[in-house]
Amino acid sequence: MILVHSFNSSIDITYQIDHLNIGQVHRPNTVIKNAGGKGINVAKVLNQLKENVLLMGYIAGNNGKTIKTKLEDITLSNEFIETDGESRICIAINDGLHQTEILESGPLIKKVYQKEYIHKLKRKQHCNVQVISGSTPILEDATPLEHTHTILNSIESNYNIVDVRASELQQLLQYDEVHCIKPNETEFDELIGFTCEHLEQRIDVLKHDPLFQNKDVFLTLGGNGALIKRNNHLYRAHIPNMQIVNPVGSGDSTVAGIAYGIENLFADEMMIKFAMACGISNAMNEQTGYISLSQINELIDKIKVEKI
Ligand code: ATP
């Protein structure tokens with residue numbers, strides 16, 4: 001079973017308008033409402049891959065009920081802790097040229113609900129792969145680091161993938177329970193504290209920086225594929241040029257592909273190809289956290305993995 005945590009789930013609303021004018025009234029051409037958040041995207045992709053996935057998280061109020069209903073509509077197994085307040089709404093306004101985003105921060109998670117979450121998690125005892133993805137909500141009497149570390153210690157898991165803010169990752173990487181991270185280029189630079197000028201520099205950092213010692217790192221490079229450190233070997237994934245529609249959520253889909261590859265005991269190069277194919281397939285589709293199995297099968301043959 002793959003367990004995915006989404007601590008700060010949202011209702012994601014996308015308004016498509018012709019042109020955004022500050023101070024004016026806008027009537028959207030289309031409105032899309034979805035359950036969102038990085039962890040939810042990961043779980044959605046795993047669900048489409050027909051993997052045995054369980055989504056856990058906090059939800060609150062009527063927005064929380066809507067999130068749950070949306071997930072039940074797509075038969076995604078979920079177990080949420082219901083907290084006080086309202087789950088957040090994240091709005092994206094798209095005028096064809098630009099995307100303007102308004103992101104709420106979500107409710108405060110009281111200590112009592114944090115304890116309830118841990119209690120629920122401990123009762124599960126074991127999972128094979130665990131994913132923690134997305135921002136941490138505002139917590140009563142706990143830092144994001146403490147919260148994530150407690151989660152990682154509350155269930156036995158063979159492989160933990162953590163995809164959270166670079167500022168949180170920096171400290172989390174000191175823990176043996178973090179096995180894999182998936183930063184993009186910006187997050188990677190933030191993590192190491194300086195801007196890499198070229199790929200060779202990134203390779204050098206991945207090879208020598210003690211921060212990444214004994215960690216698997218999927219450093220994704222958007223349309224340029226990825227640099228991967230897996231089992232202390234380095235790989236470069238070269239991806240084909242495809243017709244891209246919407247790359248938002250490609251990183252989350254890549255995380256889902258990694259989790260799927262680990263769960264299904266894929267050899268390293270196959271796992272890398274599969275994870276890349278999930279990211280590209282998401283970028284080839286309009287919806288966030290949506291992949292196509294036939295696209296993935298076609299893409300796998302076109303992705304080249306080079307050991308470096
Ligand atoms: P997000 O935060 O939107 O989920 P990210 O910034 O974490 O994404 P990216 O590096 O943009 O992640 O993309 C992850 C993977 O998805 C890439 O390694 C690649 O395989 C695929 N991908 C993303 N953008 C493109 C693109 N424009 N063309 C082809 N593949 C892409």
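Before reading further, recall that the structure is shown in the block above.
Right, let's walk through the structure included here. These numbers were taken from a predicted model, which means no experiment stands behind them.

Rules behind the numbers
- Residues numbered from 1 in each chain as written.
- Predicted model: local features only at pLDDT ≥ 70, side-chain atom pairs only at ≥ 80, totals over all residues.
- Heavy atoms only, no water.
- Helix = DSSP H or I, 4+ residues; strand = E, 2+ residues; numbered from the N terminus.
- Rg over C-alpha atoms; globule rule 2.2 N^0.38 Å.
- Buried < 20%, exposed > 50% of the residue type's maximum accessible area, 1.4 Å probe, protein only.
- Lys, Arg positive; Asp, Glu negative; His and termini not counted.
- Charge placed at Lys NZ, Arg CZ, Asp CG, Glu CD.
- 1 Å grid on protein atoms, 1.4 Å probe; cavity = no way out; pocket = protein on both sides within 12 Å on 5 of 7 lines; lining within 4 Å.
- Points joined across faces, edges and corners; volume = space filled by probe spheres on them.
- Pairing = 2+ DSSP bridges.
- Contact = heavy atoms within 4.5 Å.
- Axes fitted to C-alpha atoms, helices over the stretch in contact; angles between N-to-C directions.
- Near = heavy atom within 4 Å.
- Polar contact = N/O pair within 3.5 Å; in protein donor to acceptor, adjacent residues only side chain to side chain.
- Areas by Shrake-Rupley, 256 points an atom, 1.4 Å probe, with all protein chains shown as cover.
- Nonpolar A, V, L, I, M, F, W, Y, C, P; charged D, E, K, R; others polar.

The helix and strand inventory of the protein chain stands at ten helices and 14 strands. Against the compact-globule benchmark of 19 Å for 308 residues, the protein chain has a radius of gyration of 19 Å, which places it among compact chains. Considered along the principal axes of its C-alpha atoms, the protein chain spans approximately 50 × 50 × 40 Å. Within the protein chain, the fraction of its 308 residues that count as buried is 53%. Positive and negative side-chain charges in the protein chain, numbering 28 and 38 respectively, have mean positions lying 4 Å apart.

It is worth spelling out empty space enclosed by the protein at this point. The full count for this structure, using the stated rule, is one cavity of 30 Å³ or more. Looking at the largest cavity, its volume works out to about 40 Å³. For the largest cavity, the full set of lining residues is F7, N8, S9, Y58, S87, R88, P107, I109 and P137.

This paragraph deals with the sheet that holds strand 13 (residues 233–238). The strand order 5-4-1-8-9-10-11-12-13-14 describes an open sheet built from ten strands, whose pairing is mixed. Each edge of the sheet is formed by a strand with only one pairing partner; in this case those strands are strand 5 (78–83) and strand 14 (304–307). The sheet contact formed by strand 1 (residues 2–6) and strand 4 (residues 53–60) spans five bridges and is parallel. Directly across from V4, in strand 4, lies its bridge partner L55. The sheet contacts of helix 4 (residues 144–152) involve strand 1, strand 4, strand 8 (126–133) and strand 9 (156–163), and relative to strand 8 the element is tilted by about 165°.

Counting buried residues along helix 1 (residues 38–48), ten of its eleven residues qualify, which places the element largely inside the surrounding structure. Buried within helix 1 are the following residues: G39, I40, N41, V42, A43, K44, V45, L46, N47 and Q48. One or two residues past the end of helix 1 sits K50, with phi positive at roughly 65°.

Time to look at the site of the ligand. The environment of the ligand is formed by 20 residues, the closest being N184, T220, G222, G225 and G251. G222 has a polar backbone atom sitting 2.9 Å from an oxygen atom of the ligand. In the model, an oxygen atom of the ligand is placed 3.4 Å from a nitrogen or oxygen of the D252 main chain. Isolated, the ligand exposes 630 Å² of accessible area, and the fraction of that covered by the protein chains is 82%. Where the shell around the ligand is concerned, the elements lending two or more residues are helix 8 (250–263) and helix 9 (268–283). Ranked by residues supplied to the shell around the ligand, first place goes to helix 8 with four residues.

With that settled, consider the layout of surface pockets. Left-over empty space is what a probe sized like a water molecule reveals as it rolls over the atoms. In this structure, the second largest pocket spans a volume of roughly 220 Å³. N34, A35, K44, N47, Q48, K70, L71, I74, Q287, T288, G289 and Y290 are the residues that line the second largest pocket. Secondary-structure elements contributing two or more residues to the lining of the second largest pocket are strand 3 (30–36), helix 1 and helix 2 (61–73). Of all the elements, helix 1 adds the most residues to the lining of the second largest pocket, at three residues. Tallied by class, the residues present in the lining of the second largest pocket amount to four nonpolar, six polar and two charged.

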